[in-house]
Amino acid sequence: MSSSKILFVVLVTLFISCKTEKKSEKVKQENSVAQKKISYDFNTANLLSHVKELSSDSYEGRETGTAGATKAKNYIITEFKKLDVKPLGEDFGQPFQQKEIQGENIIGFIKGSEKPDAYIVISAHYDHEGIKGGKIYNGADDDASGISALFAFAEYFQKQPPKHSVILAAFDAEEKGLIGSYYFVENSIVPKTQLKLNINMDMISRSDKNELFAVGPQHYQQYKPIIESTKTSGNISLKIGHKEWTEMSDHAGFHKAKIPFIYFGVEDHKDYHKPTDDYENIHPIFYTNTVQTIISFFKKVDLEKL
């Protein structure tokens, strides 16, 4: 190739590259401006800080029955107290044992302003896989993301008390077979007939497609129009789907007891149940928008007669 042709190719390449970089930078700026216009019912910095903390190495993967799980339990109780969340029972802990598995659910309570005897259970699990082969499975998305969302709900309730009573449930031993949540339902502290709905959050902090799935309306059709009319935050795409996830997380025990549930979650990603499920790999903008979207769903549900 002649030197003149080489020069021409270089100039064209540089032009295209600069144009592409400018377009990319423009998209980033537009996204940033759009993000700043979103109104959140919670402190987004706090939301991310809690995930980062709970998924740090010092919690050793939060496996049920370990020192890391105890540390996570104490952290959750401390934050509940800061956020004016009261214990549902005599204290926050609900210990349980199934064969060799010993765990403890953390159960918070906020009294409803209009319907105190009708309860909505908002749940997430705080346990994860622990340490395997010398590697820590930190479980940032699974499910530190859900636990931090519980705190975001508590922040919201400080400003806007719910009409229904709300139980904020941090379940243990989800990874051991949903043991904690089944125990909660089967040994309900309040009459089971007063448990009107479970909103479960498990893996809600990352999606390459900005997709958040809602499972439950396939069984409980009354929630389909509420999901469809829920205002999403940012560019979140809220979809009803994945009926096959019905038995896959802590909502399963509620469904078995014929208590309606809506489960919010994302599709599996490359770090699912791997030691790379770290805070650095969540999608912060998607996550904050997801939590706000779930709160928006709650607002609509709280207006209903459950």
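Cut-offs and rules
Residues numbered from 1 in each chain as written. Predicted model: local features only at pLDDT ≥ 70, side-chain atom pairs only at ≥ 80, totals over all residues. Heavy atoms only, no water. Helix = DSSP H or I, 4+ residues; strand = E, 2+ residues; numbered from the N terminus. Buried < 20%, exposed > 50% of the residue type's maximum accessible area, 1.4 Å probe, protein only. Contact = heavy atoms within 4.5 Å. Expected span 1.5 Å × (residues − 1). Axes fitted to C-alpha atoms, helices over the stretch in contact; angles between N-to-C directions. Parallel < 35°, antiparallel > 145°, perpendicular 65-115°, else oblique. Left-handed = near helix turned anticlockwise from the far one by under 90°. Nonpolar A, V, L, I, M, F, W, Y, C, P; charged D, E, K, R; others polar. Core = buried A, V, L, I, M, F, W, Y, C linked by side-chain atoms within 4.5 Å. Lys, Arg positive; Asp, Glu negative; His and termini not counted. Salt bridge = Lys/Arg side-chain N within 4 Å of Asp/Glu carboxyl O. Polar contact = N/O pair within 3.5 Å; in protein donor to acceptor, adjacent residues only side chain to side chain.

With that out of the way, let us pick up the overall build of the protein chain. From N to C terminus, the protein chain includes eight helices and 11 strands. Burial statistics for the protein chain: of 306 residues in total, 52% are counted as buried. Nonlocal contacts in the protein chain, meaning residues at least 24 apart in sequence, comprise 81% of its contacts between residues at least 6 apart.

Look at helix H3 (residues 67–82): 23 Å from first C-alpha to last across 16 residues, which is about the 22 Å you get at 1.5 Å a residue. All buried positions along H3 are accounted for by Gly68, Ala69, Ala72, Lys73, Tyr75, Ile76, Ile77, Glu79 and Phe80. In this fold, the buried residues of H3 make contact with helix H2 (44–54), strand S3 (101–110), helix H4 (140–159) and strand S7 (164–171). After H3 finishes, the residue Asp84 shows a positive phi value of roughly 65°.

It is the contact of H3 with H4, at a shortest axis distance of 10 Å, that shows an interaxial angle of 10°. With respect to H4, the axis of H3 lies roughly parallel. The chirality of how H3 crosses H4 is right-handed. Residue-level contacts link Tyr75, Ile76, Glu79, Phe80 and Lys82 of H3 to Ile147, Phe151 and Gln158 of H4. For the contact of H3 with H4, the per-class residue count stands at five nonpolar, one polar and two charged.

To continue, consider unusual backbone geometry. For the bond running from Asp142 to Asp143, omega is 0°, close enough to zero to count as cis. Locating Asp143 in the fold gives a position in helix H4. Positive phi, normally seen in glycine, also occurs at Glu60, with a value near 50°. With respect to the element layout, Glu60 can be found in the loop between H2 and H3. Of the residues examined, Glu60 reaches a relative accessible area of 37% and is grouped as partly exposed.

As a further point, take the nonpolar core. Ranked by size, the top nonpolar core spans 68 residues in total, and within it Ile122, Leu168 and Phe264 carry the most contacts. With 11 residues, the single largest contributor to this core is H4. Those residues in contact with Phe264 that sit more than four places away from it in its chain are Ile199, Asn200, Met201, Asp202, Ile204, Leu212, Phe213, Ala214, Ile227, Leu238, Ile294 and Phe297. Counting 14 residues, the second largest nonpolar core, distinct from the first, contains Val121, Ile167, Leu195 and Ile259.

On to the side chain of Asp143, then. Despite its burial, Asp143 pairs with no opposite charge, the nearest such side chain being Arg62 at 7.3 Å. In this structure the side chain of Asp143 is engaged in a polar contact, spanning 3.1 Å, whose partner is the backbone nitrogen of Met203. Asp143 has contacts with Arg62, Ala124, His125, Met201, Asp202 and Met203, leaving out every residue within four places of it along the chain.

With that settled, the discussion passes to the packing of H4 against helix H8 (residues 284–302). For the pair H4 and H8, the least separation of the axes is 10 Å and the interaxial angle reads 50°. Overall, the two elements H4 and H8 adopt an arrangement that is oblique. When you trace H4 past H8, the crossing you get is right-handed. Along its contact with H4, which presents Ala144, Ser145, Ser148, Ala149, Ala152, Phe153, Tyr156 and Phe157, the element H8 presents Tyr287, Val291, Ile294, Ile295, Phe298 and Lys299. Of the residues assigned to the contact of H4 with H8, the class counts are 11 nonpolar, two polar and one charged.

Turning next to the environment of Leu178. By the secondary structure assignment, Leu178 is in the loop between S7 and helix H5 (179–186). Residue classification places Leu178 among the buried positions, given a relative accessible area of 9%. Remark: the alpha-carbon pair of Leu178 and Asp250, spanning 72 residues in sequence, is separated by 5.7 Å. Residues in contact with Leu178, not counting those within four places in the same chain, are Ala173, Glu247, Met248, Ser249, Asp250 and Ala252.

Geometric values such as these leave the question of function open.
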